[in-house]
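Observations on the three-dimensional arrangement
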Amino acid sequence: MSYKIYEINEDLLDVMPQEIRDLQFKATWGNPKRGVMDLPYSKELIEEHSLCAGCPESMALRYILASLPNPEDTIIVNSTGCTSLVFPHIALHTVHSLFGNQNAVASGIKRVLEWRFPDKVKDVVVLAGDGATVDIGLDCTLQSFFRQEKITTICFDNEVYANTGGQESGLTVKGHVFKMAPKGKQWDKVPMWQIAIDSGCHYVARLTVSSPKRVETVIKKAIYVAREVGPTYVHLYTPCILEIGLNSDDGLDEMRQRDKERFAFFEYMTDAAKEVIERKKEEGLI
Amino acid sequence: MQTVKEQGIIYNRAGQRVVSPDYLLFEAPRTKHFMTGSEAVKEAVKRASVDASVSYPITPQSEAAHLIGELWVEGYVGVYFRGESEFGVMSEVAGCALAGARTITTTSGPGTLRAFENFPMWAGTRIPVQLVLMARGVNAPLSIQPDNLEVGFLLDTGCMIWYAENAQDLFDMILAGFVVAEQPSVHVPIITAIDGFFVSHTREAIMLPPEDIALPPYNPYRAPMPVIDAEVPPGRFLRDPFVMKSNYISYATHASWQWEVRSAIERSRPFAKHYLRGLTEEFGDPDADIVFVACGTAAAQSKEAVRLLEDEGVKARVVKLKTIRPFPIEELRQAVKGAKYIFVPEFNVVGWLEREVRRYLYGHSDAEIIGSPRVAGGMTMPAEVIAKEVLKLTGKEVKHVI
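Residues numbered from 1 in each chain as written. Chains lettered and ligands numbered in written order. Predicted model: local features only at pLDDT ≥ 70, side-chain atom pairs only at ≥ 80, totals over all residues.

Within a regular beta strand, the side chains point alternately toward one face of the sheet and then the other, so they alternate between its two faces. Residues and elements named next belong to chain B. In terms of burial, strand β10 (residues 190–195) is largely enclosed, as six of its six residues are buried. Every second residue of β10 is oriented toward a common face, with I190, T192 and I194 on one face and I191, A193 and D195 on the other, all of them buried. Across six bridges, the pairing between strand β8 (residues 130–135) and β10 is parallel. Following the sheet pairing, L133 is matched in β10 by A193. Pairing analysis gives four bridges linking strand β9 (residues 160–163) to β10, with the strands arranged parallel. Within the sheet, the bridge partner assigned to W162 lies in β10 and is T192. Between the parallel elements β9 and β10, the chain passes through helix α8 (residues 167–181) in a crossover that is right-handed. (Buried ≥ 20, exposed ≤ 12 C-beta atoms within 10 Å, placed from the backbone. Helix = DSSP H or I, 4+ residues; strand = E, 2+ residues; numbered from the N terminus. Pairing = 2+ DSSP bridges. Right-handed = clockwise from strand over helix to strand, strands pointing away.)

UniProt's feature table lists "domain: Thiamine pyrophosphate enzyme TPP-binding" (unreviewed entry) at residues 89–235 of chain A, given in the numbering used throughout. In residues 89–235 of chain A, helix accounts for 37% and strand for 18%; the two terminal C-alpha atoms are 23 Å from one another. (UniProt positions renumbered as here; feature names shortened; annotations may be inferred.)

Now for helix α10 (residues 271–282) of chain A. Residue and element names in this part refer to chain A. Spanning 12 residues, α10 covers 17 Å between terminal C-alpha atoms, matching the ideal 16 Å at 1.5 Å per step. Burial in α10 covers these residues: A273, V276, I277 and K280. Viewed end-on, α10 has its buried residues packed into an arc of 95°, placing them on one side of the element. Along α10, exposed side chains directed more than 90 degrees from the buried face belong to D271, E278 and E282. For α10, the elements touching its buried residues are β5 (203–208), α8 (212–228) and β7 (266–269). (Expected span 1.5 Å × (residues − 1). Arc of directions from axis to C-beta. Contact = placed C-beta atoms within 7 Å.)

In this complex, chain B contributes 37 residues to the contact, which on the side of chain A involves 37 residues. Contributing elements (two or more residues each) for the side of chain B that touches chain A: β5 (52–55), β6 (79–82), α4 (86–98) and α6 (118–124) of chain B. The element that contributes the greatest number of residues to the side of chain B that touches chain A is α4 of chain B, accounting for nine residues. Looking at the side of chain B that touches chain A residue by residue, the class counts come to 22 nonpolar, eight polar and seven charged. (Nonpolar A, V, L, I, M, F, W, Y, C, P; charged D, E, K, R; others polar.)

As a further point, take the environment of K4 of chain A. Looking at the secondary structure, you find K4 of chain A in the segment before α1 (18–25). In the structure, K4 of chain A is positioned 20 residues away from Q24 of chain A in sequence and 8.4 Å away in space, judged by C-alpha atoms.

It is worth spelling out helix α2 (residues 37–46) of chain B at this point. Most of α2 of chain B sits inside the fold, with nine of its 10 residues counted as buried. Taken together, the buried positions of α2 of chain B are occupied by G37, S38, A40, V41, K42, E43, A44, V45 and K46 of chain B.

Residue and element names in this part refer to chain A. Helix α6 (residues 138–146) packs onto helix α4 (residues 102–116) with a crossing angle of 35° between their chain directions and a minimal axis gap of 7 Å. Contact residues: α4 offers N103, A104, A106 and S107, while α6 offers C140, T141 and S144. For the contact of α4 with α6, the class distribution of residues is three nonpolar, four polar and no charged. (Axes fitted to C-alpha atoms, helices over the stretch in contact; angles between N-to-C directions.)

Moving on: the pairing of β8 of chain B. Residue and element names in this part refer to chain B. When you tally the buried positions in β8, you get six out of six residues, the bulk of the element. Taking every second residue as pointing to the same face, both faces of β8 are buried, with Q130, V132 and M134 on one and L131, L133 and A135 on the other. Both strand β7 (residues 103–107) and β8 contribute to a ladder of four bridges, which runs parallel. In the sheet register, T107 faces β8, and the bridge partner there is L133.

We now examine the packing of α2 of chain B against α8 of chain B. In a packed pair of helices, the relevant descriptors are the angle between the two axes and the axis-to-axis distance. Residues and elements named next belong to chain B. Between α2 and α8, the least distance of the axes is 9 Å, while the angle of their chain directions is 25°. Put simply, α2 runs roughly parallel to α8. When you trace α2 past α8, the crossing you get is right-handed. Seen from α2, the contacting residues are G37, A40, V41, E43, A44 and V45; seen from α8, they are A167, L170, F171, I174 and L175. In terms of residue class, the contact of α2 with α8 is built from nine nonpolar, one polar and one charged. (Parallel < 35°, antiparallel > 145°, perpendicular 65-115°, else oblique. Left-handed = near helix turned anticlockwise from the far one by under 90°.)

Set out below in structure tokens:
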């Protein structure tokens, strides 16, 4: 539809909370060129957040929400975990269903919205942690790639089950000691970005969220390609500073270090995806 | 599903004329057909203006799911695909319904259990999804035979459960199911159950309305929860979301929400009564003090047993339960007035229906409640076996029975 759904009844304007009024008057609706540079000047689509102070995942969520090219017609599907603490704070249509079924729910939503609104663009974006995406939800994640669902899947990889208290996940690095891996993890980190390529994603990126502008570019590419071609996958390193023993102000340094090693920026695109990305660049939208 | 209006007549996207549920169910002329329960599912879906269906293979329901796929090819169903597992399918179906689609799927036995986490989620998100459940045994040991143990597991998921006796019942219940489940004051999922194979795979006579008329399409904007399509304001939880907060308000919210789902099922009673022509059906001599309380195939076999017993000079009757959730409490209490013996024949080893009957008749009936006969794992329940249970009790000599 349009951002008109955020317009408040005039008679109620004076009694509505400030952040709701700001959504109408100061948020960036109807502007596909919106991006992280708007963050200091506009109303964000996330109101506060309930994550730990300095949590890189909160940075990722803010950059992603600032970068959505079409927020007024974007549905966000999430899963259980730290991310699910944030979704009640987001001003868009969000769905939390179960743990690990996020890509299945998103598939149903996307297909029905295409059927109900054949003349409109409705973007469906999945935001989930590494446990939800790669462990318990791997089946639904990959099957949505196999089926070529036109959705964008974004994985917040903090290399641990953080919300449940710091247990080993499939994306934990080999040798790291966490709960449930008291001798250190016995096997390698799952290369999910490579699996996504092999499973049929048309655009795949791996990065940390140390550079807001780079996050914006990647998110826009992933959404535009998903809209026109097929599934896209973005793998973000959002370290759990709590579980790896860092202070609130250490998150950025941690990500910058990993930028040089296991989260060095990596990007893959199919020819069809490249065509879309080039076109959008020419249009000035990326 | 959108509609087109031409010269005062409304058509759905499949080009069928939209008629009222009452006309489709009660007034439209019907013609006689001969088909399986699975084919009856197809005929119902064809007339139900269905937006979406997601399928997964399992015996015995696959045929119904294939046939819905054919309807998709023919343009009667908007969205259709095969999912990865029942867990995935029930989640995909949830996505479809959340996005505003009238949605149907089918499953059986182990598939139901694989999908289980989804059912309370369906109820909690208040989506009026319809699940056609063709009950069969659950593992282990491996069984694909008729057995309705799984229905006992589903009783408290927050979904409505209706139980069809035969293909005709199933056809009518699928149509009525959408209408009742989608009432704004109800708006919870509906499970329409049958006994697998006995109903899904056998052919019987069935009366069908014409195929060029259909139910009014689902209007998601009448739903009590915002539809997830970005066309309406989202639920506003910006301030102090109660989700995940450890405080009394969050606990109370969760508890009251669960109560609300159960209340919604209760509120379905008057609608179900109307569209099913009562939550129960009685058969046999109304004065008989021997009563069979049953659902599904067990009710059908009990009716046959009543006929056999009549030959033996024993008066008996059947109270068939059409709905299990909501449970027809008042109807059952009224129906068993004067009963001395209540038999509850069932197709499972635990006797979940007997437990339900005991629970709701406690303090309301002096009859002896007998959870018998009970068969499982694919065993049939011949009418003679039911009659024999009664004759044993009355001390009568068994003549032509077995």
